[in-house]
2 protein chains.
Amino acid sequence: MKLPYFKTEQWMTDHEQKAVYNLTDTCVEPLKLSEILAMDEEGILKDMPLDYGTITGDTRLKREILKLYETGKEDSLTMTAGCSQANELVMETLLEKGDHVIAFMPGYEQFIRLPQSFGCEVSVLPLYEENRWQPDMKDVLKAWKPNTKMVLINDPNNPTGIRFEASFMEALICRCRESEAWILCDEVYRDFESPSISDRYEKGIATDSFSKMFSLAGLRLGWIKADPELIERINCRRDYSLISTGPLSDAMGLTALCHKDEILARSRHIIQTNIEAVKQWLVTEKRAHVQFPEEGTVCFLKYDIPVDSRTVSEELLGEYGVFFVPGWCFDCENHLRFGLTRDPERMAEGLKLFSRYMNEKTAA
Amino acid sequence: MKLPYFKTEQWMTDHEQKAVYNLTDTCVEPLKLSEILAMDEEGILKDMPLDYGTITGDTRLKREILKLYETGKEDSLTMTAGCSQANELVMETLLEKGDHVIAFMPGYEQFIRLPQSFGCEVSVLPLYEENRWQPDMKDVLKAWKPNTKMVLINDPNNPTGIRFEASFMEALICRCRESEAWILCDEVYRDFESPSISDRYEKGIATDSFSKMFSLAGLRLGWIKADPELIERINCRRDYSLISTGPLSDAMGLTALCHKDEILARSRHIIQTNIEAVKQWLVTEKRAHVQFPEEGTVCFLKYDIPVDSRTVSEELLGEYGVFFVPGWCFDCENHLRFGLTRDPERMAEGLKLFSRYMNEKTAA
């Protein structure tokens, strides 16, 4: 099935290796295997046989994941190879040629291109920067069709990091319920204290992973949480994609969840320190603007120089080693995807170089 | 997209937990994390940051994988979450609604159901047990259509374990070349000394993994080897499915490959000892017949009692804890998928119980 390049992923693949100052990484400074082994007081990891493990995911792991939610049982969950596969499996299970779906931009390109490749019609609605990157329920009602089957959102949004307001979500759920439409919500940037769609709407499907706030992208471990009947249907499709996520990733995920307070505290501290560093930079750098998110690891930086975002990103990387994903990847010019995840001192150095680059461009 | 249950996978999920004597497992007795850590002389594993790693797979890992083949460069490879995802990505990249493909039964159900779910027409051709489970080239020529785009095979076959004869493969390649058709060959049961389709046909696509002969199913690490131009197209589709296989699995795979002689020798020894145990059982058990494969971990057992394979499998498991996947999962009655992978003594005990069960059934 024909698909164009996934712009963000392709950009990362093509450019990331050259990064000296990675200001776009959305995964908190990664943990190491030795750190997880040290947390494994029970010693389950080292002597675990590396077979397929439990096909739909380890039971203890699922019990710990459920603690990140208000509702659900073990069979409300199935494990996946990361959050993107979680999203893919949901779409593959539910969407058919001829269905209509609603997505938003800026947003995660997978939610537009995959349904299109299945032969679905996709309405892409805007998020309004001037209104703190919120969607407008009027747009949703206008786009709604008799065959609207699913609304696809990232909440917190990728790349803005900002959550949709409660009033919008309530209205959206209400409209979806009327038509028995699904809401697929990629919650990979959620900080696990805020609401999940799967706790608020019976046809709400939450996807998530260990990649962002848990600093364990390397586990490639994600999950889907939804109504058990839907999970059973997804598991049927899932058997054609992966056998299992494997007992090692499952057990490392379990170990991390048993130490979630310390891991999440570490992540929040790193993010907060980075936000402070950016705020300090913004005091003197008037050509840049950031609406900071309340949770998660990502935000969307706006800059005021008259250079397109691909050129900015390429020149910054080539000349200074400063790495951003351009807003072009999200159909949103004069923006850069900005990750609040790495060493704050390097972040501050990178931002200085970004200012120097903007000086050169405006002087020229 | 609508898919029926994957019969083999569903059978495993529903029944495997009850197995006392697992006589159907196709992965050689799994290695442990501690064993891989002990092989890691360079100490790369423990202090590796668990980030996404190299998106399409670690370069050193790819170099070591290439040693399992006669041809290819690093960009002839991309890494996947196991061999089933490798197969899925190939099919998703190349197949379109309206294409015709050819597959074989008994064989891997994924190769029939996934293309059907895309709207492809699938011709399912028989393997002839009386001819050592070989296909007949005449069947292929008869089934061929102007829109035949791909031939899908497991070689060694799943579940018979037997390779297609060289003369058939030559004729098949010749016919495919004439029509520029692809051959997707799942080589997960290959013992790495025999030929690979990717070394013999320019449109041959090999998929494989660490799950069977490397005893590392728990890594969930597979790969696709094909022409670099196709790999680039697959990587485009792959970005919508997974970000990467992750640095931990990649590095563990690399470590295993650096010790492949000892790991493969261990696997061959286990398989051979099991084959001897089965042969000894067959001397007195005349109601069972096995055509042993030259390589790999799986074979297909035929039994002579008048009970269907699902009943045999369910009763054997319920009464004696002896676990098989029934031939029913491969549309092939009076057969059981038989794995040559576990402890030979337990295997022998399980087989004795199987004989006792057959005694009861024929006495009744």
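To keep things clear, this report deals only with the structure shown in the data block.

## Focus: the overall build of chain A
Okay, so step 1: If you tally the helices and strands in chain A, you get twelve helices and 13 strands.
Okay, so step 2: For chain A, the C-alpha radius of gyration of 20 Å lies close to 21 Å, the compact-globule estimate for 364 residues.
Okay, so step 3: Referenced to the eigenvectors of the C-alpha coordinate spread, the extents of chain A come out at roughly 60 × 55 × 35 Å.
Okay, so step 4: Of the contacts made within chain A by residues no fewer than 6 positions apart, 70% connect residues no fewer than 24 positions apart.
Okay, so step 5: Of the roughly 12900 Å² of accessible surface on chain A, 49% is carried by carbon and sulfur atoms.
Okay, so step 6: Side-chain charges of chain A comprise 43 positive and 60 negative groups, with the mean position of each set lying 2 Å from the other.

## Some remarks on unusual backbone geometry
Okay, so step 1: The step from Asp155 of chain A to Pro156 of chain A runs through a cis peptide bond, and the omega angle for that step is 0°.
Okay, so step 2: Topologically, Pro156 of chain A is positioned in the loop between β5 (148-154) and α7 (166-179).
Okay, so step 3: For the bond running from Asn158 of chain A to Pro159 of chain A, omega is 20°, close enough to zero to count as cis.
Okay, so step 4: Take Pro159 of chain A: it is sitting in the loop between β5 and α7.
Okay, so step 5: Unusually for a residue other than glycine, Glu180 of chain A sits at a positive phi of about 55°.
Okay, so step 6: Positionally, Glu180 of chain A belongs in the loop between α7 and β6 (182-186).
Okay, so step 7: Note on Glu180 of chain A: relative accessible area 58%, which makes it exposed.
Okay, so step 8: Phi at Ser215 of chain B is positive, roughly 60°, even though this residue is not glycine.
Okay, so step 9: Mapped onto the fold, Ser215 of chain B is located in the loop between β7 (204-209) and β8 (222-225).

## Overview of the interface of chain A and chain B
Okay, so step 1: Contacts between the two partners involve 63 residues from chain A, matched on the other side by 63 residues from chain B.
Okay, so step 2: Around 5500 Å² of area is buried between chain A and chain B when both sides are counted, 57% of it from carbon and sulfur atoms.
Okay, so step 3: Sorting the residues of chain A by area buried against chain B places Met1, Leu50 and Tyr240 of chain A first, and these three jointly supply 17% of that buried surface.
Okay, so step 4: At the boundary of chain A with chain B, the tally comes to six salt bridges.
Okay, so step 5: Between Arg237 of chain B and Glu92 of chain A there is a salt bridge, and its shortest N-O distance comes to 3.6 Å.
Okay, so step 6: For the pair chain A and chain B, the interface holds 30 residue pairs in polar contact (both at pLDDT 80 or more).
Okay, so step 7: Going through the elements one at a time, α1 (7-15), α2 (33-39), α4 (82-94), α5 (110-117), α8 (228-238) and α9 (247-258) of chain A are the ones with two or more residues in the side of chain A that touches chain B.
Okay, so step 8: Here the side of chain A that touches chain B gets five residues from one element, more than from any other, and that element is α4 of chain A.

## Quick notes on helix α3 (residues 59-66) of chain B
Residue and element names in this part refer to chain B.
Okay, so step 1: Burial in α3 covers these residues: Leu61, Lys62, Glu64, Ile65 and Leu66.
Okay, so step 2: Looking at the buried residues of α3, the elements they touch are β2 (77-80), β8 and α9 (247-258).
Okay, so step 3: Between the side-chain oxygen at the start of α3 and the backbone nitrogen of Arg60 there is a gap of 3.2 Å, and the oxygen is on Asp58.

## Focus on the packing of aromatic side chains
Residues and elements named next belong to chain B.
Okay, so step 1: The final tally for this structure, using the stated rule, is 30 aromatic pairs over all chains.
Okay, so step 2: Look at Phe192 and Phe214: their rings are 5.4 Å apart centre to centre, the planes differ by 50°, and that puts the pair in the tilted class. Of this pair, Phe192 sits in the loop between β6 (182-186) and β7 while Phe214 sits in the loop between β7 and β8, and the two are 22 residues apart along the sequence.
Okay, so step 3: A relative accessible area of 9% places Phe192 in the buried class.

Reading the values: rules and limits
- Residues numbered from 1 in each chain as written.
- Chains lettered and ligands numbered in written order.
- Predicted model: local features only at pLDDT ≥ 70, side-chain atom pairs only at ≥ 80, totals over all residues.
- Heavy atoms only, no water.
- Helix = DSSP H or I, 4+ residues; strand = E, 2+ residues; numbered from the N terminus.
- Rg over C-alpha atoms; globule rule 2.2 N^0.38 Å.
- Contact = heavy atoms within 4.5 Å.
- Areas by Shrake-Rupley, 256 points an atom, 1.4 Å probe, with all protein chains shown as cover.
- Lys, Arg positive; Asp, Glu negative; His and termini not counted.
- Charge placed at Lys NZ, Arg CZ, Asp CG, Glu CD.
- Buried < 20%, exposed > 50% of the residue type's maximum accessible area, 1.4 Å probe, protein only.
- Buried area = accessible area lost by both parts, 1.4 Å probe.
- Salt bridge = Lys/Arg side-chain N within 4 Å of Asp/Glu carboxyl O.
- Polar contact = N/O pair within 3.5 Å; in protein donor to acceptor, adjacent residues only side chain to side chain.
- Phe/Tyr/Trp six-rings, centres within 6.5 Å; stacked < 30°, edge-to-face > 60°.

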